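Survey of secondary and tertiary structure
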Amino acid sequence: MREGRTAPLVGREVELAAVERALGALGAGRAGAIAIAGEPGIGKSRLLAELCADGACGVTLLSLR
């Protein structure tokens, strides 16, 4: 569980790891974009919050609601 979270992110380990790898590539200077899409209520915003809770993203985050 990341700092500031009251409950652990459950059942999204694969997705979290994939986005963390992609963010690592972006942080290493590779150009690209990451799109997280899906049905309402499946945890897209929660996944992003988990990734960026500690400010470790190091990339510009755009969110369309």
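Everything in this summary refers to the structure shown in the same document. (Residues numbered from 1 in each chain as written. Predicted model: local features only at pLDDT ≥ 70, side-chain atom pairs only at ≥ 80, totals over all residues. Heavy atoms only, no water.)

Attention now moves to the overall build of the chain. Helices and strands together make up the secondary structure of the chain, namely two helices and zero strands. Evaluated residue by residue, the chain yields a buried proportion of 12% over its 65 residues. The contacts of the chain with a sequence gap of at least 6 include a subset with a gap of at least 24, amounting to 56%. Carbon together with sulfur atoms contributes 55% to the accessible area of the chain, which is approximately 4900 Å² in total. (Helix = DSSP H or I, 4+ residues; strand = E, 2+ residues; numbered from the N terminus. Buried < 20%, exposed > 50% of the residue type's maximum accessible area, 1.4 Å probe, protein only. Contact = heavy atoms within 4.5 Å. Areas by Shrake-Rupley, 256 points an atom, 1.4 Å probe, with all protein chains shown as cover.)

A few words now on helix α2 (residues 44-52). Because each turn of an α-helix spans 3.6 residues, side chains separated by three or four positions end up pointing in the same direction. Residues Leu47, Glu50 and Leu51 constitute the buried set of α2. Taken around the axis of α2, the buried residues stretch over an arc of 100°, which confines them to a single face. As for α2, its buried residues are in contact with α1 (13-27). (Arc of directions from axis to C-beta.)

We now examine the pattern of salt bridges. Tallying each qualifying case throughout the model produces two salt bridges. Here glutamate 15 and arginine 12 are joined by a salt bridge, their closest N and O atoms 3.3 Å apart. On the basis of relative accessibility, which here comes to 32%, the residue glutamate 15 falls in the partly exposed class. For arginine 12, a relative accessible area of 30% puts it in the partly exposed group. (Salt bridge = Lys/Arg side-chain N within 4 Å of Asp/Glu carboxyl O.)

Once that is clear, we can look at the packing of α1 against α2. At a closest axis distance of 11 Å, the pairing of α1 and α2 adopts a crossing angle of 55°. As judged from the angle between their axes, α1 and α2 are oblique. Classified by chirality, the crossing of α2 by α1 is right-handed. Across from Glu15, Leu16, Val19, Glu20 and Leu23 in α1, the residues of α2 making contact are Leu47, Glu50 and Leu51. (Axes fitted to C-alpha atoms, helices over the stretch in contact; angles between N-to-C directions. Parallel < 35°, antiparallel > 145°, perpendicular 65-115°, else oblique. Left-handed = near helix turned anticlockwise from the far one by under 90°.)

Let us now look at the nonpolar core. Listed in full, the six residues of the largest apolar core are Leu9, Leu16, Val19, Leu23, Leu47 and Leu51. Looking at this core, the elements that each hand over two or more residues are α1 and α2. Leaving out residues up to four positions away in the same chain, leucine 9 has contacts with Leu16, Arg46, Leu47 and Glu50. (Core = buried A, V, L, I, M, F, W, Y, C linked by side-chain atoms within 4.5 Å.)

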